[in-house]
Amino acid sequence: MVASVDTVAFEGIEARPVEVQVLIASGLPSFTIVGLPDKAVTEARERVRAALSALGLALPPKRITVNLSPADRPKEGSHYDLPIATALLAAMGVLPADSLSQMVVMGELGLDGSIRAVPGVLPAAIFAHAADCAFVCPAATGAEAAWAGDLEVLAPASLLALVNHLKGAQVLSAPEPQLFETYGALPDFNDVKGQETAKRALEIAAAGGHALMMVGPPGSGKSMLAGRMPSILPPLSPEEALEVSMIASVAGQLPGGAISRLRPVRTPHHSASQPALIGGGARANPGEVSLAHNGVLFLDELPEFSRACLEALRQPLESGEAVIARAQAHVSYPARFQLIAAMNPCKCGYLADEARACSRAPLCGADYQAKISGPLYDRIDMFVDVPALTAEELSAPASGEPSTVISERVLAARRQQSIRLQKLGAPPSVRVNAHATGKLLEKLVPIGVEAQSLMTRAADGFNLSARAYHRVLKVARTIADLAGSEMVESAHIAEALSYRRMNVRRSLRRTG
């Protein structure tokens, strides 16, 4: 007898249909799984056998063949346990033959028959909703599946509960969607003494989604400032929250199935490998750049990252997408993150302090900063110095603005950008000034005659590349938004140019 049930395989965050077919035929007793299964899928035989034993059932002494169709698509993960078990029960006559029609099933089985959480439930539930099917998932991820829309979700805690429901002996209640509201009190900008220029740069970066580099000696407060960035960022929109949650779901990082509207903040250590940062591994999992989608990726001690990792950042910074190349397929994940980076000016960290600098200064500074390539520097919108504080500044009480005040200005600027981008017909993925390109950027930045003259002189005098030129315009647009100005004026251009620190200083040295 043949029975089948639908489940999914994953390509990035996209769920692809897979049909699990089970055939019980005469022959020597065996249990074979075909259709390009990985090790976790082939081990499902023992988990299914034990789960059926927990129900008081034994496998029939016949030839059992499980086919995962299409056979040429790789199958990875433990979420095939439950569809294999249910299709097998239907083939054995334990479940009605039509009970599994128009149903997408996924879940891992425990040896006691329990159904355990698996990654990827949210994109699988969205796929089931699009296919007009019911969806079966573990109880631990039912709240996650409930966000997919108006579809029937069954979230049993055990195989026995699912069997009883399908046979009409028990009714499973529908799970409720859950929203994770807060992680507790966020660090406040009011705690930071001095560093007003860096605070201003962080506010502009938050308002426009710009990449920012902070350069300063050890202990000047770079990490402290970056740690307060989440406190001034606006909450995720419903569309952004869904995108972020789908990536977290595929990565298995959506605990309890609750969706949050807080922007993700990822802070990988500089020892992270390229697959950990960009994505990859045996299953082409999302990396830190994708887990930071619609949020912040903070890279402390940027030159200490491997050269391969730093160069791999160039493509997602430009395109907002991380592409993982495989022999059989290309897997892409969204990666429209906001880069916040910090670095010392040199290896010892005290390049500007003659009393503490090493004997190789200033050559050590040039060597250290050369670890970051020019094309990567060019993709960073803003550079800001974070100097060491004096004893007088350290002893003075903190007197800066609280994060709540700054966040109100950031939110107002982002709302203004959203309205403007909608009027200009921007694609849905373009949500802030930093994302604008091409003709959209030309429409986005109405610039006065004096401002245009200043921009032209600066581009020639500082040898700005085309990319740097456009990034200065986008930063100026954000500065104008914070000032409530629709036109980009000379003052906005001048402030934006002041953040092109690396290019400006090199040009000044050349021109004398």
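Look up a bit, the structure's there.
Presented here is a report on the structure given in the accompanying data block. Starting afresh in each chain, residues are numbered from 1 along the sequence in its written order. Where local features are concerned, this predicted model is filtered to residues with pLDDT of at least 70; where side-chain atom pairs are given and counted, the filter is 80 or more; whole-chain, interface and lining totals use all residues. Hydrogens and water molecules were not included; the side-chain quantities draw on all heavy atoms of the structure.

1. Notes on the side chain of Ser-485
Take Ser-485: it is sitting in the loop between helix H20 (466–482) and helix H21 (490–498). On the basis of relative accessible area, Ser-485 is assigned to the buried category, the value being 17%. In this structure Ser-485 touches Gln-416, Arg-477, Ala-480 and His-492, once residues within four positions along its chain are discounted. Segments assigned H or I by DSSP are reported as helices when at least four residues long, segments assigned E as strands when at least two residues long, and all are numbered from the N terminus. Only protein chains enter the calculation, and the probe is 1.4 Å; a residue is then buried if its accessible area is under 20% of its type maximum, exposed if over 50%, and partly exposed in between. Here a residue-residue contact requires only that any non-hydrogen atoms of the pair lie within 4.5 Å.

2. Digging into the pattern of salt bridges
Think of a salt bridge as a Lys or Arg side-chain nitrogen and an Asp or Glu carboxyl oxygen that are within 4 Å of each other. This structure, assessed with the given rule, holds 26 salt bridges. Among the salt bridges present, the one from Arg-47 reaches Asp-81, with a minimum N-O distance of 2.5 Å. Taken together, the residues span a long stretch of sequence, with Arg-47 in helix H2 (residues 44–54) and Asp-81 in helix H3 (residues 81–92) at a distance of 34 residues. In terms of burial, Arg-47 and Asp-81 fall into one category: buried. One network of salt bridges, in which partners are shared, links Glu-318, Asp-378, Arg-379, Asp-381, Arg-467, Arg-471 and Arg-500.

3. A look at the packing of helix H19 (residues 449–461) against H20
Geometry is summarised by axes, namely lines fitted to C-alpha atoms with helices restricted to the contacting stretch, and by angles between N-to-C directions that run from 0 to 180 degrees. One way to put it is that H19 packs onto H20 with a least axis distance of 11 Å and a crossing angle of 145°. Read as a crossing pair, H19 and H20 show a hand that is right-handed. Here Gln-452, Met-455 and Ala-459 of H19 lie close against H20, whose contacting residues are Tyr-469, Val-472 and Leu-473. The residue inventory of the contact of H19 with H20, partitioned by class, reads 5 nonpolar, 1 polar and no charged. Less than a right angle of anticlockwise turn of the near helix away from the far helix marks a crossing as left-handed, whereas a clockwise turn marks it as right-handed. Classification used: nonpolar for Ala, Val, Leu, Ile, Met, Phe, Trp, Tyr, Cys and Pro, charged for Asp, Glu, Lys and Arg, polar for all others including Gly.

4. Section: the sheet that holds strand S16 (residues 296–299)
In this analysis, strands are considered paired if DSSP registers two or more bridges between them. Pairing in this open sheet of 5 strands is parallel, and the strands run S13-S16-S19-S11-S20 from one edge to the other. At either margin of the open sheet sits one strand with a lone partner, and together these are strand S13 (265–266) and strand S20 (382–385). When strand S11 (residues 212–215) meets strand S19 (residues 338–343), the two strands line up parallel, connected through 4 bridges. Pairing of Met-213 across the sheet is with Ala-341, part of S19. The strands touched by helix H7 (residues 196–208) are S11, S19 and S20; relative to S20, the strand with the most contacts, the crossing angle is about 160°.

5. Re unusual backbone geometry
In terms of backbone geometry, most residues other than glycine have negative phi values and most peptide bonds are trans. Note that the residue after Ser-69, namely Pro-70, is joined by a cis bond; omega there is 5°. Positive phi, close to 55°, is recorded for Gln-102, a residue that is not glycine. Along the chain, Gln-102 falls in the loop between H3 and strand S5 (103–105). Even without glycine at this site, Gln-195 takes up a positive phi of about 55°. Summarising the element assignment, Gln-195 is placed in the loop between strand S10 (179–180) and H7.

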